[in-house]
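For reference, the chains in residue letters:
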Amino acid sequence: MWGRNSTFYRFCNVYFRDQLVEDQQQPEQSDGETGNTANDVWNYVVFVSFVIVSALIPIRKRLFRRSTNSKSKQDYVFGAGHISTLAMMLSIARGTLGVISVLGYPSEFFYRGSAMWESLYGVITAYPIVCFVFIPVYFDLGITSVYQYLELRFNSRLVRCLASGTYILRTLLSLGVTIYTPTVALNTIIGVPYWVSLLSITVISIFFNALGGLKAAVAADVIQSLSMTAMLVGIIIYCSITVGGVDQIFAISSENDRFAFFNFAADLHLRVTTTSAWLGELFNSLSLLGCQQNFVQRYLSMPTFGQIRRTLMLNIPVVAVLFSLPWFVGMAIYAIYWHCDPLKASVIAKMDEILPYFMVDRFDRVPGVWGIFVGTLFNGALTLNISNINSLATVTWEDFLSLLPSLRQKSEKQQLNVIKLVGTIYAVLIMGVGFIVGLLSGVIESSMLIISATSGPLLGVFVLAMFIPFANWKGAAMGMVTSHLSILWIVVGRLIESSVSDSLLDTSIEGCYADLMEARNNASLLIVSLDDSVNVVETSNLLNRIYSITFMYYGVFGTVLTVLSGIVISLATWSSHDAYNMKMLHPAVRWLYSRCPFSGKHFGSFEVGGASSYGGTGKETVPKC
């Protein structure tokens, strides 16, 4: 496996071609170049074909339909109820198998172990909560934007705009990172310039968005989920055969301390524990699945609550499998390279390059294989971009542009054209974020920390709306602002002042060749310098203790800060002008509130004179406690 004729050695010769070219024999070089050229042609053909076919299948009917009737706004936003349960399941589960997870989880396992894998507990726990707590409140209101609910509950456009702005900012930053991720693989493996990849994703997204809508976005998600799953399963099968079975994969990982399950340590400064993985991911998933437009938009496109419930509950095992697949891939790749780490040997520059490197190393001479791999990554970023552009445009129209009388009075067809134009603008903005990610150092880490920090305020304001009867718009708005500023302060302090340990697990290059021994020595020096510069968190400095809290808890802290601040400010500022329709509360809260024992105490009148703008059936009153 590790001889001079292995694929690994050939790749190292390519990587160090400037240093080794004088030692290579000319005939062998010519033959190798001829073979590689033929394989490159096949890989290019497979890559382009895969992207084109995957992009055109979801909109084939729209392309070849000769009817002049335009798609309605309702059909564009909700798919007009014509999406199957299975397709919707895969589309919702698609968020657990994105490009970042496919590249990030294998490297996480390889270099840090399985601790982060336990965040699956939080994802699974979030599904029934979203199904039986959040969806019943949304379903009967007939809303297009989930943030419209906040305006109905608090009678405040400000709260709605704060939540919508949080979602838009988070999604733009996240998509900028997402579409940049496959450009690294394209540039490293194929040599495509970054700007070509970013521009291609943007142009295809604009074209797809103009002709598609939610139904096409769901279809694209289905294709991507199936293709990426097939690719990951294929990698696992190959590695199992190579190392001698699945049991060997588990044995190698176990013997080298890669499994780190059920660590219930109470230290908030440890990067990942079982508690922080479960609790942190639970709050992040509730914010994502229960309070984010692109997911709620899919729930509300289904005709009955029974179908929504069936879709979400059946999705739990699907999500568990899709979430775990990249981790199994990381385990399988570790079984291949456990005694010759490409990062430690300086063959790759970053830990996230381990999976692309594996594809080139093992399948360089198999025509089309890494073309499919790169095509899957490219298409993954593309479909996620398309899907979220649809939701971004919908939120912008419903929460901002529809306020303008000149736009509100336009026909439905003209409104749909405006929504598509907004989607085009967002596609260009996302491309700009992608360019910034590629030009500036540290942007990826900073943006991901900020994105995770926005989960708490968004979830917290929905908790206030659904479960706190006396919460008013002043408490909700100030709660979100307080939470945003507090978490942002912690994030900035973490990036600037705190020394947080982020050490990697030990790896070996004992199985590598003599050609890489010099790289090994350099890597050892680097590791020593890193060990010297990363110290244990200082316990004497309170600010450092705060800044060094693991990012896994940001969503939890943000939610708690929003709710507590909102409760205090609401109690201090409640007035009769804060009355609202009690239908906006969760049914269980309405039932409990009507039977509260605090006789003679009240927080104002809950009477609402009209129901046309609130989704109610008339004047509704809750007994004053």
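These numbers were taken from a predicted model, which means no experiment stands behind them.

Thresholds, definitions, all that
Residues numbered from 1 in each chain as written. Predicted model: local features only at pLDDT ≥ 70, side-chain atom pairs only at ≥ 80, totals over all residues. Heavy atoms only, no water. Helix = DSSP H or I, 4+ residues; strand = E, 2+ residues; numbered from the N terminus. Buried < 20%, exposed > 50% of the residue type's maximum accessible area, 1.4 Å probe, protein only. Contact = heavy atoms within 4.5 Å. Areas by Shrake-Rupley, 256 points an atom, 1.4 Å probe, with all protein chains shown as cover. pLDDT = per-residue confidence, 0-100. Disulfide = S-S within 2.5 Å. Polar contact = N/O pair within 3.5 Å; in protein donor to acceptor, adjacent residues only side chain to side chain. Phe/Tyr/Trp six-rings, centres within 6.5 Å; stacked < 30°, edge-to-face > 60°. Core = buried A, V, L, I, M, F, W, Y, C linked by side-chain atoms within 4.5 Å. Salt bridge = Lys/Arg side-chain N within 4 Å of Asp/Glu carboxyl O.

A few points about the overall build of the protein chain
For step 1, the next point in the chain: Regarding its fold elements, the protein chain presents 27 helices and zero strands.
For step 2, the next point in the chain: Buried positions account for 54% of the 625 residues belonging to the protein chain.
For step 3, the next point in the chain: Considering only contacts in the protein chain between residues 6 or more positions apart, those separated by 24 or more positions represent 85%.
For step 4, the next point in the chain: Of the accessible surface of the protein chain, which amounts to about 26,700 Å², a share of 63% is contributed by carbon and sulfur atoms.

With respect to the confidence of the model for the protein chain
For step 1, the next point in the chain: Across the protein chain, the average pLDDT comes to 76, with 75% of residues at or above 70.
For step 2, the next point in the chain: Contacts for the low-pLDDT stretch residues 66-70, under 50 throughout, to residues beyond four places or in other chains number three contacts.
For step 3, the next point in the chain: A low-confidence stretch, residues 517-540 (pLDDT under 50), is modelled with 22 contacts involving residues beyond four sequence positions or located in other chains.

Section: the state of the cysteines
Every disulfide links exactly two cysteines, by a covalent bond between their sulfur atoms.
For step 1, the next point in the chain: Inspection of every chain in the model, using the stated rule, returns one disulfide.
For step 2, the next point in the chain: What pairs with cysteine 340 in a disulfide is cysteine 512, and their sulfur atoms sit 1.8 Å apart. One quick way to see it: the torsion about the S-S bond of cysteine 340 and cysteine 512 is about 110°, and its sign makes the bridge right-handed. Placement of cysteine 340 in the loop between helix 16 (305-337) and helix 17 (354-363) and of cysteine 512 in the loop between helix 23 (473-496) and helix 24 (517-533) is noted, with a sequence separation of 172 residues between them.
For step 3, the next point in the chain: Look at cysteine 340 and you get buried, because its relative accessible area is 0%.
For step 4, the next point in the chain: Residue cysteine 512 is classed as buried on the basis of its relative accessible area, which comes to 11%.

Comments concerning unusual backbone geometry
For step 1, the next point in the chain: A positive phi angle, near 50°, is found at asparagine 155, a position not held by glycine.
For step 2, the next point in the chain: With respect to the secondary-structure elements, asparagine 155 resides in the loop between helix 9 (148-154) and helix 10 (157-190).
For step 3, the next point in the chain: We classify asparagine 155 as partly exposed; its relative accessible area is 32%.
For step 4, the next point in the chain: Non-glycine residue aspartate 257 carries a positive phi angle of around 60°.

What about the side chain of asparagine 472?
For step 1, the next point in the chain: For asparagine 472, the location among the structural elements is in the loop between helix 22 (455-467) and helix 23.
For step 2, the next point in the chain: There is a polar contact of 3.1 Å between the side chain of asparagine 472 and the side chain of threonine 573.
For step 3, the next point in the chain: Not counting residues within four places of it along the chain, the set of residues in contact with asparagine 472 comprises Phe154, Ser570, Thr573, Trp574 and Asp578.

Observations concerning the packing of aromatic side chains
Ring pairs (aromatic) are described by centroid distance and by the angle formed between their planes.
For step 1, the next point in the chain: Across all of its chains, the model carries 26 aromatic pairs by this definition.
For step 2, the next point in the chain: A centroid spacing of 6.1 Å and a plane angle of 65° characterise the contact between tyrosine 238 and phenylalanine 358, whose relative ring orientation is edge-to-face. Taken together, the positions of tyrosine 238 in helix 12 (residues 214-243) and phenylalanine 358 in helix 17 put the pair 120 residues apart, joining distant regions of the chain.
For step 3, the next point in the chain: On the basis of relative accessible area, phenylalanine 358 is assigned to the buried category, the value being 0%.
For step 4, the next point in the chain: Ring geometry for tryptophan 489 and tyrosine 547: centres 5.7 Å apart, planes at 75°, overall edge-to-face. One end of the pair, tryptophan 489, is in helix 23; the other, tyrosine 547, is in helix 25 (residues 542-547), with 58 residues separating them in the sequence.
For step 5, the next point in the chain: Residue classification places tryptophan 489 among the partly exposed positions, given a relative accessible area of 41%.
For step 6, the next point in the chain: Judged by its relative accessible area of 5%, tyrosine 547 is buried.

Here we look at the environment of leucine 172
For step 1, the next point in the chain: For leucine 172, the position within the fold is in helix 10.
For step 2, the next point in the chain: By relative accessible area, which is 15% here, leucine 172 ends up buried.
For step 3, the next point in the chain: For the pair leucine 172 and isoleucine 430, spaced 258 residues apart in sequence, the C-alpha to C-alpha distance is 5.8 Å.
For step 4, the next point in the chain: Residues contacting leucine 172, with those up to four places away along its chain left out, are Leu392, Tyr426, Ile430 and Val433.

Let's talk about the nonpolar core
For step 1, the next point in the chain: By size, the foremost hydrophobic cluster in this structure holds 141 residues, and its most contacted members are Tyr138, Tyr149, Leu150, Tyr299, Phe358 and Phe462.
For step 2, the next point in the chain: At 17 residues, the largest contribution of residues to this core is made by helix 16.
For step 3, the next point in the chain: Not counting residues up to four positions away in its chain, the partners in contact with tyrosine 299 are Ile92, Val130, Ile135, Leu289, Ile308 and Leu312.
For step 4, the next point in the chain: Core analysis: the next-biggest nonpolar cluster, separate from the first, contains six residues, Trp574, Tyr580, Leu585 and Val589 among them.

Let's talk about the pattern of salt bridges
For step 1, the next point in the chain: Applying the stated criterion across every chain, the model contains eight salt bridges.
For step 2, the next point in the chain: When the shortest N-O distance is used, the salt bridge between arginine 157 and glutamate 151 registers 3.4 Å.

Here we look at helix 6 (residues 85-93)
For step 1, the next point in the chain: The buried fraction of helix 6 is high, at eight of nine residues.
For step 2, the next point in the chain: Three or more residues of helix 6 are buried, namely Thr85, Ala87, Met88, Met89, Leu90, Ser91, Ile92 and Ala93.

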